[in-house]
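# Coordinate analysis (summary)
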Amino acid sequence: MRIIDIIEKKKKGESLTEKEIKFFIDGVMDGSIEDYQTSALLMAIYFKGMDIDETTWLTKYMVESGEILDLSKISDNIVDKHSTGGVGDKITLMFLPLMAASGIYTAKLSGRGLGHTGGTIDKLESIPNFRTDLSIKEFKERVKKHHTAIAAQTLSLAPADGKLYALRDVTSTVDIIPLIASSVVSKKIASGANHIILDVKYGSGAFLKTAKEAEKLSQVMVEVGKRLDRNICAVISSMNQPLGRAVGNSVEIQEVIEFLKGNMEPDLKEITFTLCQKAFEKTGKIKTKKEAEKYLEDIINSGKALEKFKEIVASQSGDISIIDDYSKLPQSSIKYEVKAKKDGFVKNIDALKIAKACKNLGAGRDKKADKIDYSAGIYLTQKYSEPVKKGETIAVIYTNKKSAVKEAESMIIDAFEIAEEKPKKQSLIYKIIG
Ligand code: URA
């Protein structure tokens, strides 16, 4: 078999066989296929696509390219959750303690952010001393003892994805459904969970801009997951506006703690509770939405969920005093209030514009090696459908970069759409697949 023939075949739009896909992944891993040949095949896939069989084989051999976590000694019911990423997306940090407090095991490997705002690992690392560099052994021990652990994605799981993703990133071949689906699902399968809940976002602050594209990606991911024997579903929701009020790193940690103390922003509650409910349904713990909601409210109101969060932070060496004293989290030297330019109601807050402003304030990175400022961020004091008055505060900027404040202010003002009429409340969830 020769890679050039495989490239030629895909270039003509033909389907690849299982053997050809295995040959490709093996060659990527042992170095016998050069990066320029891999890039050429990725570009051919970008233009000609892959059918569901090819996508499933690609996922399977990406999983088999590295270690597969075996968590079966801990439980037969291990849940994992994955978000395709958004602005102010802190849902994992509420999902994990809620699951653990419900007696459901979750094992979460997560990424650092590349782009406008931090990833879940960056947010956690804003907690002083919090360790995300757990070895596989340490990770498993914590899952067993505390029902959950969260660590930075290791290179030993689905390493073929790491290699392909690095090339996709620099050859403009990221945004194509079969490659996204195989990348996401391979990492989830290699992480050892048997129940996978996908949180798929669309909108200005998401990777996919329309609900239809998100639906197509979800259908492919769910089908591939099922074919590879996983109990998988996808919750599709809008990311046109930031989730919650806080966007950044340590500001988001504060919002998570407030949520677990019972001060739940409605949008965060809707998404978190829906994902938890799907996990309850999949593991057979609770069947109906209503019962799930009551159960979740009880574990929050009784303080159990917050206790679990504290336990997780302590088990990963984080400073638990931040839970009652937010001043122990990284603090910015500048706090600047952005004022409304007119009266009305918030009709939209463009998530992408807020994310870009946040990045300029220091909260995101361009390159993997860039350092981020954990204290930088934006807090939206006014959100969708809330009233605003000219001259009153609509958002607060946190930063250490004095030179970035004015530009961030105009980006925030530009992100806010203010209407005369109060817009109607709407559900963020578009569809659930699987
Ligand atoms: N997230 C992933 O993990 N992989 C992709 O290809 C895109 C988003």
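Residues numbered from 1 in each chain as written. Predicted model: local features only at pLDDT ≥ 70, side-chain atom pairs only at ≥ 80, totals over all residues. Heavy atoms only, no water.

Lining the immediate surroundings of the ligand are Tyr 165, Arg 168, Ile 180, Ser 183, Val 184, Lys 187 and Phe 207. The separation between an oxygen atom of the ligand and a polar side-chain atom of Lys 187 is 2.5 Å. Protein burial of the ligand: of its 240 Å² of free accessible surface, 87% is covered by the chains. If you list the elements that add at least two residues to the shell around the ligand, you get helix 8 (159-171) and helix 9 (177-190). Among the elements that take part in the shell around the ligand, helix 9 stands out by supplying four residues, more than any other. For the shell around the ligand, the class distribution of residues is four nonpolar, one polar and two charged. (Near = heavy atom within 4 Å. Polar contact = N/O pair within 3.5 Å; in protein donor to acceptor, adjacent residues only side chain to side chain. Areas by Shrake-Rupley, 256 points an atom, 1.4 Å probe, with all protein chains shown as cover. Helix = DSSP H or I, 4+ residues; strand = E, 2+ residues; numbered from the N terminus. Nonpolar A, V, L, I, M, F, W, Y, C, P; charged D, E, K, R; others polar.)

Taking 1.5 Å as the rise per residue, helix 3 (residues 35-48) with 14 residues should run 20 Å; its terminal C-alpha atoms sit 20 Å apart, in good agreement. Buried residues along helix 3 sit in contact with helix 1 (3-11), helix 2 (18-30), helix 8 and helix 9. In the segment just after helix 3, Gly 49 is the residue with positive phi, at about 75 degrees. (Expected span 1.5 Å × (residues − 1). Contact = heavy atoms within 4.5 Å.)

On to the sheet that holds strand 2 (residues 105-110). On the basis of which strands lie adjacent, the open sheet formed by six strands has the order 3-2-1-4-5-13 and mixed pairing. Each edge of the open sheet carries a strand with a single partner, namely strand 3 (148-152) and strand 13 (429-433). Looking at each pair of strands side by side, their axes are set apart by 20 degrees on average, direction ignored. Set on the sheet, helix 5 (residues 92-101) makes contact with strand 1 (78-83), strand 2 and strand 3; between it and strand 2 the angle comes to about 155 degrees. Strand contacts of helix 10 (residues 211-227): strand 4 (195-202), strand 5 (231-238) and strand 13, with the helix running at about 170 degrees to strand 5, the strand carrying the most contacts. (Pairing = 2+ DSSP bridges. Axes fitted to C-alpha atoms, helices over the stretch in contact; angles between N-to-C directions.)

This part is about the side chain of Gln 316. Inspection of the secondary structure assignment puts Gln 316 in the loop between helix 14 (304-315) and strand 7 (334-339). Other than its neighbours up to four places away in sequence, Gln 316 contacts Asn 129, Phe 130, Arg 131, Leu 134, Arg 142, Ala 149 and Ile 150.

Right, let's talk about the domain arrangement of the protein for a bit. Each domain of the protein was delimited in the assignment, giving domain 1 (3-49), domain 2 (78-323) and domain 3 (330-419). Averaged C-alpha coordinates put domain 1 and domain 3 at centres separated by 44 Å. (Domains from an automatic or database assignment.)

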